[in-house]
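The chain contents come next:
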Amino acid sequence: MNLLLEYQSQLIDGTIMTINLALTSLVIALIFGLLGAWAKLSANRLAQRLAGAYTTIVRGVPDLVLILLVFFGGQVTLNNIGAITGLWGYVEVSQFAAGAGTIGVIFGAYFTETFRGAIMAIPRGQIEAGISCGMRKSLIFRHIIWPQMVRFALPGFTNNWLVQLKTTALVSVIGLQDLVYNAFTAGRSTGQLFTFMAAAFVIYLLLTGVSDLLLRSVERHYNRGVVRA
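Residues numbered from 1 in each chain as written. Predicted model: local features only at pLDDT ≥ 70, side-chain atom pairs only at ≥ 80, totals over all residues. Heavy atoms only, no water.

Engineer: Would you mind going over the environment of methionine 120 with me for this structure?
Structural biologist: Tracing the sequence through the fold places methionine 120 in helix 5 (residues 95-120). For methionine 120, a relative accessible area of 54% corresponds to the exposed category. Separated by 25 residues in sequence, methionine 120 and isoleucine 145 place their C-alpha atoms 9.9 Å apart. (Helix = DSSP H or I, 4+ residues; strand = E, 2+ residues; numbered from the N terminus. Buried < 20%, exposed > 50% of the residue type's maximum accessible area, 1.4 Å probe, protein only.)

Engineer: In this structure, what is going on with the nonpolar core? I would like to understand it.
Structural biologist: What tends to happen in soluble globular proteins is that the nonpolar side chains get buried as a cluster. If you look at the biggest cluster of nonpolar residues, it comprises 51 residues, and the most contacted ones within it are Leu11, Phe111, Trp161, Val171 and Phe196. Among the elements of the structure, helix 2 (8-41), helix 3 (45-60), helix 4 (63-85), helix 5, helix 7 (137-167), helix 8 (179-190) and helix 9 (193-222) are those that each provide at least two residues to this core. Ranked by residue count, the leading element in this core is helix 7, at 11 residues. Once residues within four sequence positions are removed from consideration, phenylalanine 111 is found in contact with Leu26, Ala29, Gly33, Phe157, Asn160, Trp161 and Gln164. (Core = buried A, V, L, I, M, F, W, Y, C linked by side-chain atoms within 4.5 Å. Contact = heavy atoms within 4.5 Å.)

Engineer: Help me out: how do you make sense of the layout of surface pockets in this one?
Structural biologist: Over the atoms rolls a probe the size of a water molecule, and its path tells where empty space is left. The space that makes up the largest pocket amounts to roughly 610 Å³. Trp38, Leu41, Ile119, Phe141 and Ile145 are, among the 18 residues lining the largest pocket, the residues nearest its centre. Counting only elements with at least two residues in the lining of the largest pocket, the list comes to helix 2, helix 5, helix 6 (124-132) and helix 7. The element that contributes the greatest number of residues to the lining of the largest pocket is helix 7, accounting for 7 residues. For the lining of the largest pocket, the per-class residue count stands at 14 nonpolar, 2 polar and 2 charged. (1 Å grid on protein atoms, 1.4 Å probe; cavity = no way out; pocket = protein on both sides within 12 Å on 5 of 7 lines; lining within 4 Å. Points joined across faces, edges and corners; volume = space filled by probe spheres on them. Nonpolar A, V, L, I, M, F, W, Y, C, P; charged D, E, K, R; others polar.)

Written out as structure tokens, the structure is:
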């Protein structure tokens, strides 16, 4: 315990970095997920094929491989393009940008299927009723599609978010000073690796527990007035 107190600032900084990384990647994932769901449900064949290729490729490659590819290969690619076109000079991709961007794109593929399934679960007759009442598309989306999409998507969203939060631990391999990186560094320097890994275990458990409680309250809010069989 004395060691943990001695290195508490390092563990707190790593926890804050992990939370920032998780929330930033969540925003990116939601954007990609909504766009992917829209593309898969659209009548445009090209959009459907692009979205299908996106979800198939991203879900078929290990997360760590994609993170390493983006961090090392992305920087080389950007600098080669800049050198050829002369549009920019040397670009350095930070560990945070590579980690947040890659995790966001990865889970955007999972959110695509979550949102697509949620939208498809909405009875078509409700949307047709809105159209027959003269409602604009924006009103139909705001009052009919969005509330029900959120309700149907929340169980899958909760599962994806909890997995995404834990996936942030992978960025420690590219040197980002997150919770795992700082805990491993402190454990290696003190010879008490198990103690600091156990501390990281407890912190991740607390983060996922709080997230689960908050999302359950959101789910109860959107389920108000719903009659269950």
